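# Summary of structural features
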Amino acid sequence: MFILTVSCPAASGIVAAVTTFLAKNGCYIGECAQFDDEVQGRFFMRAVFRFNDGADADLSALRAGFGDVAAEFDMTWQLHNAEQPMRVLFMVSKFDHCLADLLYRHQKGELNMQITAVVSNHIGLRPMAEREGIRFVYLPVTKDTKAQQEAELMRIIDETGTELVVLARYMQILSDDLCKQLAGRAINIHHSFLPGFKGAKPYHQAYERGVKLIGATAHYVTSDLDEGPIIEQEVQRVDHYYKPEALVAVGRDTETVALSRAVKYHLEHRVFLNNDKTVIFK
């Protein structure tokens with residue numbers, strides 16, 4: 001199976017042009033989703049297809065031929081092999097719940113990815129990574145070493161051919177330069193509260209203010225801290241019976257669910273960036 005993703009200025013004839021091209025090249029479309037953003041004047045499309053029996057399954061030729069269609073409509077497009085696992089690098093600090101959840105889902109075949117490394121500014125999660133045969137890289141960060149360690153991180157990303165970076169509760173702020181280098185290919189998870197609690201022990205702060213909802217947001221990393229394009233959000237209702245420790249437990253659940261869904265959507269090429277927000281074909 002293959003996946004074609006397209007975004008372009010809205011115009012008549014886009015769907016017809018794409019589907020006709022695939023049909024003429026011996027392809028069968030098994031799934032197709034589209035969205036027209038009338039406010040932005042932009043069109044988005046995701047098509048899942050396979051080659052018909054007996055057809056010349058030449059993906060390179062298909063990619064070259066589609067260039068003419070793409071040029072006609074000024075498309076931004078990509079053609080993916082759905083069976084090819086995406087190369088993913090995890091970044092963690094001390095909390096292990098998000099990493100443990102993603103590793104479990106990967107083991108169960110829910111996430112089609114190849115894990116290139118686990119990078120951490122703390123040593124504590126090394127056993128978890130190495131138990132799974134995953135390379136663990138310790139990059140401690142201080143004010144004086146931040147630039148050097150971020151450069152080393154990018155070297156590892158390039159060396160391993162990493163396509164997606166997942167900040168699975170990595171408790172360091174990335175520099176503006178690193179955020180730009182990872183634009184559209186780095187996902188972060190953080191708690192979501194009203195009001196927004198910053199600093200240490202946010203769930204304890206939430207307890208003191210009597211929050212009624214515990215939430216988590218998975219988003220693409222940008223230089224605007226925790227304000228990148230949102231991919232997924234999860235929420236659970238709580239009440240006055242919940243002590244701080246119970247709120248922390250609920251928070252762990254919401255974070256793992258939101259992050260795993262966001263990663264899965266990205267791995268399956270379901271997410272389209274649309275300025276400061278996303279279009280997601282579920």
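Analysis parameters
The residue numbering used here restarts from 1 in each chain and proceeds along that chain's sequence as written. Totals for whole chains, interfaces and linings use every residue, but because this is a predicted model, local features are given only for residues with pLDDT of at least 70 and side-chain atom pairs only at 80 or more, for both listing and counting. The side-chain quantities take in all heavy atoms of the structure and omit both hydrogens and water. Each axis is a line fitted through C-alpha atoms, and for a helix only the stretch in contact is used; angles between axes span 0 to 180 degrees, taken between their N-to-C directions. Elements are defined by DSSP. Helices are runs of H or I of four residues or more, strands are runs of E of two residues or more, and each kind is numbered from the N terminus. Oblique is the label for any angle not covered by the other classes, which are roughly parallel (under 35 degrees), roughly antiparallel (over 145) and roughly perpendicular (65 to 115). Should the near helix be turned counterclockwise from the far one by less than a right angle, the crossing is left-handed, whereas a clockwise turn marks it as right-handed. Contact definition: two residues touch when any of their heavy atoms are within 4.5 Å. We treat two strands as partners when DSSP finds at least two bridges between them. Pairing of aromatic rings covers Phe, Tyr and the six-membered ring of Trp, with a centre-to-centre limit of 6.5 Å; geometry is then stacked below 30 degrees between planes, edge-to-face above 60, and tilted otherwise. Burial status follows relative accessibility: with a 1.4 Å probe on protein chains alone, a residue under 20% of its type maximum counts as buried, one over 50% as exposed, and anything between as partly exposed. Distance and chemistry together define a polar contact, namely a pair of N or O atoms within 3.5 Å, with one atom able to donate a hydrogen and the other to accept it when in protein, and with adjacent residues in sequence counting only for side-chain atoms on both sides. Here the nonpolar core consists of buried residues drawn from Ala, Val, Leu, Ile, Met, Phe, Trp, Tyr and Cys, with membership extended through side-chain atoms lying within 4.5 Å.

Attention now goes to the packing of helix 7 (residues 202–209) against helix 8 (residues 244–267). In contact at an axis separation of 9 Å, helix 7 and helix 8 are set at 120° when each is read in the N-to-C sense. Between helix 7 and helix 8, the crossing angle belongs to the class labelled oblique. In this structure, helix 7 crosses over helix 8, and the sense of that crossing is right-handed. Together, Y203, H204, A206 and Y207 of helix 7 and P244, L247, V248, G251 and E255 of helix 8 make up the contact between the two elements.

Pairing is mixed across the open sheet formed by seven strands, whose spatial order is 7-6-5-8-9-10-11. Edge positions in the sheet fall to strand 7 (136–138) and strand 11 (230–237), since each of these pairs with one other strand and no more. Across the sheet, the mean angle from the axis of one strand to that of its neighbour is 20°, orientation sign disregarded. Bridging between strand 5 (residues 86–92) and strand 8 (residues 164–167) involves four bridges; their strand directions are parallel. Considered in strand 8, the bridge of V88 is made with L164. Against the sheet, helix 5 (residues 146–160) contacts strand 5, strand 6 (113–120), strand 7 and strand 8, and its axis sits at roughly 160° relative to strand 5. Contacts from helix 8 reach strand 5, strand 6, strand 8, strand 9 (186–192), strand 10 (213–220) and strand 11, with the element oriented near 155° to strand 11.

Time to look at the packing of aromatic side chains. On inspection of all chains with the given rule, the structure shows eight aromatic pairs. Judged by centre distance (5.6 Å) and plane angle (75°), the rings of F2 and F51 are edge-to-face. In this pair, F2 is assigned in strand 1 (residues 2–9) and F51 in strand 3 (residues 42–51), connecting sequence segments 49 residues apart. Ring geometry for F272 against F281: centres 5.4 Å apart, planes inclined by 75°, an arrangement best described as edge-to-face. Exposure remark for F281: the relative accessible area of 9% places this residue in the buried category. Ring pairs connect the aromatic residues F35, F44, F272 and F281, which therefore count as one cluster.

Let us now look at the environment of E150. By the secondary structure assignment, E150 is in helix 5. Among the residues examined, E150 registers a relative accessible area of 12% and is labelled buried. Separated by 11 residues in the primary sequence, E150 and L139 have C-alpha atoms spaced 8.7 Å apart. Residues in contact with E150, not counting those within four places in the same chain, are I173, L174, S175 and L178. A polar contact of 2.5 Å, which involves the side chain of E150, links it to the side chain of S175.

Core analysis: the largest hydrophobic core is formed by 33 residues, its most contacted members being F90, V166 and L259. Put simply, the parts of the chain that give this core at least two residues each are strand 5, helix 3 (97–107), strand 6, helix 4 (126–131), strand 8, strand 9, strand 10 and helix 8. By residue number, the principal contributor to this core is helix 8, which donates six residues. With near-sequence residues (within four places) excluded, L259 lies in contact with C98, L102, V166, A168, I187, I189 and A218. Within the second largest apolar cluster, 21 residues are counted, among which are L4, F21, L59 and M75.

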